[in-house]
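Chain by chain, the residues run as shown.
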Amino acid sequence: MVLAATEQYEGPRRLVDDDLAESFLPASLRAMTRMMRWRLPREWSIRAAERSQPGLWANLSCRKRFIDDMLDAALPDIDAVVILGAGMDTRAYRLARRSSIPVFEVDLPVNIDRKRAVVRRVLGAVPDSVRLIPVDFEHDDLAAELARHGHRASDRTFFVWEGVTQYLTEGGVRATFDYLATAAPGSRLVFTYVRADFIDGTHRYGAESLYRRFCVRRKIWRFGLNPDDIAPFIEPYGWQLMQQAGPEYLIEHYVNPAGRNLGASQVEWTAYALRR
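Residues numbered from 1 in each chain as written. Predicted model: local features only at pLDDT ≥ 70, side-chain atom pairs only at ≥ 80, totals over all residues. Heavy atoms only, no water.

## Some thoughts on the nonpolar core
For step 1, the next point in the chain: Counting 40 residues, the largest nonpolar core has F66, I78, V81, Y93, V103 and F158 as the members making the most contacts within it.
For step 2, the next point in the chain: Mapped onto this core, the elements with two or more residues apiece are α4 (56-74), β1 (80-84), α5 (91-96), α6 (109-123), β3 (130-134), β4 (157-161) and α12 (247-255).
For step 3, the next point in the chain: Sort the elements by how many residues they give to this core and α4 lands first, with 8 residues.
For step 4, the next point in the chain: Summarising the domain contributions, this core has at least three residues from each of domain 1 (1-52) and domain 2 (54-275).
For step 5, the next point in the chain: Apart from residues no more than four positions distant in its own chain, I78 is found in contact with L71, I101, R156, F158 and R188.
For step 6, the next point in the chain: In terms of nonpolar packing, the next biggest core, distinct from the first, is built from 32 residues, V135, I230, F233 and I234 among them. (Core = buried A, V, L, I, M, F, W, Y, C linked by side-chain atoms within 4.5 Å. Buried < 20%, exposed > 50% of the residue type's maximum accessible area, 1.4 Å probe, protein only. Helix = DSSP H or I, 4+ residues; strand = E, 2+ residues; numbered from the N terminus. Domains from an automatic or database assignment. Contact = heavy atoms within 4.5 Å.)

## Some words on the domain arrangement of the chain
For step 1, the next point in the chain: You can read the domains of the chain as domain 1 (1-52) and domain 2 (54-275).
For step 2, the next point in the chain: On the domain 2 side, the residues contacting the 24 residues of domain 1 number 30 residues.
For step 3, the next point in the chain: Taking both partners together, domain 1 and domain 2 bury about 2,300 Å²; carbon and sulfur atoms supply 61% of that area.
For step 4, the next point in the chain: It is L15, F24 and E50 that lose the most area in domain 1 upon contact with domain 2, and together they represent 35% of the buried surface on that side.
For step 5, the next point in the chain: At the boundary of domain 1 and domain 2, one finds 3 salt bridges.
For step 6, the next point in the chain: The partner of R260 in a salt bridge is E7, and the shortest N-O contact between them spans 2.8 Å.
For step 7, the next point in the chain: Looking at the side of domain 1 that touches domain 2, its residues break down into 11 nonpolar, 3 polar and 10 charged. (Buried area = accessible area lost by both parts, 1.4 Å probe. Salt bridge = Lys/Arg side-chain N within 4 Å of Asp/Glu carboxyl O. Nonpolar A, V, L, I, M, F, W, Y, C, P; charged D, E, K, R; others polar.)

## Let's talk about the sheet that holds β3
Strands in a sheet are paired, the pairing made by backbone hydrogen bonds, and the direction either parallel or antiparallel.
For step 1, the next point in the chain: Pairing is mixed across the open sheet formed by 7 strands, whose spatial order is β3-β2-β1-β4-β5-β7-β6. Of all strands in the sheet, those with a lone pairing partner are β3 and β6 (239-245), marking the two edges. Neighbouring strand axes in the sheet, compared pairwise and without regard to direction, differ in orientation by 20° on average.
For step 2, the next point in the chain: As paired strands, β6 and strand β7 (residues 268-275) are joined by 6 bridges and run antiparallel to one another. Looking across to β7, one finds that Q240 is bridged to L274. (Pairing = 2+ DSSP bridges. Axes fitted to C-alpha atoms, helices over the stretch in contact; angles between N-to-C directions.)

## Some points on the pattern of salt bridges
For step 1, the next point in the chain: Evaluated as defined, the whole model comprises 27 salt bridges.
For step 2, the next point in the chain: Between E162 and R91 there is a salt bridge; the shortest N-O distance is 3.4 Å. Taken as a pair, E162 in the loop between β4 and α8 (170-180) and R91 in helix α5 lie far apart in primary sequence, 71 residues in all. Like E162, the residue R91 is buried in the burial classification.
For step 3, the next point in the chain: One salt bridge in this structure joins E170 and R174, with 2.9 Å as the shortest N-O distance. Residue E170 and its partner R174 are located together in helix α8, separated by 4 residues, close to a single helical turn.

## So, the layout of surface pockets
For step 1, the next point in the chain: Considering only enclosed or pocket space, the largest pocket measures out at about 1,400 Å³ in volume.
For step 2, the next point in the chain: Together, 45 residues line the largest pocket, and M1, R63, E162, G163 and Y167 are the ones closest to its centre.
For step 3, the next point in the chain: Mapped by element, the contributors of at least two residues to the lining of the largest pocket are α1 (2-7), α3 (39-52), α4, β1, α6 and α10 (208-217).
For step 4, the next point in the chain: Among the elements that make up the lining of the largest pocket, the one with the highest residue count is α4 (6 residues).
For step 5, the next point in the chain: Its residues placed into classes, the lining of the largest pocket shows 25 nonpolar, 8 polar and 12 charged.
For step 6, the next point in the chain: No fewer than three residues from each of domain 1 (1-52) and domain 2 (54-275) sit in the lining of the largest pocket. (1 Å grid on protein atoms, 1.4 Å probe; cavity = no way out; pocket = protein on both sides within 12 Å on 5 of 7 lines; lining within 4 Å. Points joined across faces, edges and corners; volume = space filled by probe spheres on them.)

So this is what it looks like as structure tokens:
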């Protein structure tokens, strides 16, 4: 979210539109981000990020843009939005300003408590169209919790699963797909994943420090897929792969049109699918 907030100071060159990003940050990070309004510290921050994690600045910015684009295009044909692992993302609140479509934000209980407090601070109250749902993906019944908060299984739903799958076990990912297999035909799913060949160390893609941090020292990135795995992985659950946004896609559709001199990383990809 710091990165999304920083991008807003790029004006017409920004890679993602998120005017709420800065306000959703804690006070210390808001103060730091406001320094990015000046070009020199902003450029220094981007260069520093690129040195330590090559290509991830564009990936993290453009994945949000890609998800927003897919959601905007699908809005006329869906009945609800479910954001799995919502964190401090602002998508539900930006959407609530222009649509009454119900949005269900799902995350760990501690994150939901923090999100509710932040939304009240920034907006005064949680919008009527947004429901905050505490769920542990590894242990809780996602379908039951969504139903308890008003989500109807018959609704064509746009599911967003951003920046989550790598932190789960394979069992946790498959349990979520067991639920997604019950989604209404015409539903959409966009999710990010870290490459399996990065997590197992086969290929580092120039991101040595990222690999050491998340896969060796902290060992919190546990599950990955490779691009060729996506279609056969999701098809048994009733989903058809429609599009993948890897580094070439992000550069062609977002970075180059913005006139930015940034690379994109192979480490993380985004997939978009349709429920048959």
